[in-house]
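Chain and residue survey
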Amino acid sequence: DKLIEFVNGRPVGEHLTDELLTELDKKFNLYDIPKPYTFGHGDPNTTNIMINQYDPNDIKFIDPRGRFGGFQYIVDPDFDFAKFFYGVTGYDHFNWMKQFNPNYDHTNKSIELDFDPIHELASLYDITPVRDYMSLRTIILVGICWIRLSAYIINNPTKAIAAYYIGLHIIN
């Protein structure tokens, strides 16, 4: 039985189980990387990107996490794009909120957030150059990033539960 069945009026779908991950892997090759690993950042969410307010062409990436085997900064390129899209879908907004009080409807098992990750992903997809980097596999990885966030912010149970269901919401 699920605590939440709807996020922003859309169905959440299945819990992330080993069976669902296996099914997603068969469908989208989550673990068999279709592209070679490349030089990358490893965690380019929007909080790890600094843009000079006086010169928007002066962009710095901070806090790299890319590591594959003994080589640093070798990453799955889809995961790098997924981490960036994860930031754009509301991670920063969500992460920096001091007070997080989603509207929870106990009767309908629904939460309403003041941001909409699915709408943000759809808006990104409408930008032609972005569409070239947003495969279904990348979108699934965005959902997994949200689910992983729930473990990272476990000291805030409301946010942790919401992050988990936002991830399911994106995957399904």
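Notes on the structure follow.

What counts, and at which threshold
- Residues numbered from 1 in each chain as written.
- Predicted model: local features only at pLDDT ≥ 70, side-chain atom pairs only at ≥ 80, totals over all residues.
- Heavy atoms only, no water.
- Helix = DSSP H or I, 4+ residues; strand = E, 2+ residues; numbered from the N terminus.
- Buried < 20%, exposed > 50% of the residue type's maximum accessible area, 1.4 Å probe, protein only.
- Contact = heavy atoms within 4.5 Å.
- Areas by Shrake-Rupley, 256 points an atom, 1.4 Å probe, with all protein chains shown as cover.
- Pairing = 2+ DSSP bridges.
- Axes fitted to C-alpha atoms, helices over the stretch in contact; angles between N-to-C directions.
- Parallel < 35°, antiparallel > 145°, perpendicular 65-115°, else oblique.
- Left-handed = near helix turned anticlockwise from the far one by under 90°.
- Nonpolar A, V, L, I, M, F, W, Y, C, P; charged D, E, K, R; others polar.

1. Thoughts on the overall build of the protein
In terms of helices and strands, the protein carries six helices and 10 strands. Across the 172 residues that make up the protein, the buried fraction comes to 42%. Considering only residue pairs separated by 6 or more positions, the protein has 68% of its internal contacts joining residues 24 or more positions apart. Carbon and sulfur atoms make up 56% of the accessible area of the protein, which totals about 10,200 Å².

2. Re the sheet that holds strand S2 (residues 10-11)
Sheet architecture is open: four strands sit in the order S2-S1-S10-S9, paired in mixed fashion. Each edge of the sheet is formed by a strand with only one pairing partner; in this case those strands are S2 and strand S9 (103-105). In terms of strand pairing, strand S1 (residues 6-7) meets S2 through two bridges, oriented antiparallel. Looking at the pairing, Phe6 lines up with Pro11 of S2.

3. So, the environment of Tyr125
Inspection of the secondary structure puts Tyr125 in helix H3 (residues 117-125). With 10 residues separating them along the chain, Tyr125 and Ser135 place their C-alpha atoms 9.7 Å apart. Aside from chain neighbours lying at most four places away, what touches Tyr125 is Arg131 and Met134.

4. Notes on the packing of helix H5 (residues 136-152) against helix H6 (residues 157-171)
The interhelical angle for the contact between H5 and H6, taken along N-to-C directions, is 165°, at an axis separation of 7 Å. Relative to H6, the element H5 lies roughly antiparallel. Considering how the two elements wind past one another, H5 and H6 form a crossing that is left-handed. Contacts between H5 and H6 pair Ile139, Ile140, Val142, Gly143, Ile144, Trp146, Ile147, Leu149 and Ser150 from the former with Ala160, Ala163, Tyr164, Ile166, Gly167, Leu168, Ile170 and Ile171 from the latter. Among the residues making up the contact of H5 with H6, the classes are represented as 14 nonpolar, three polar and no charged.

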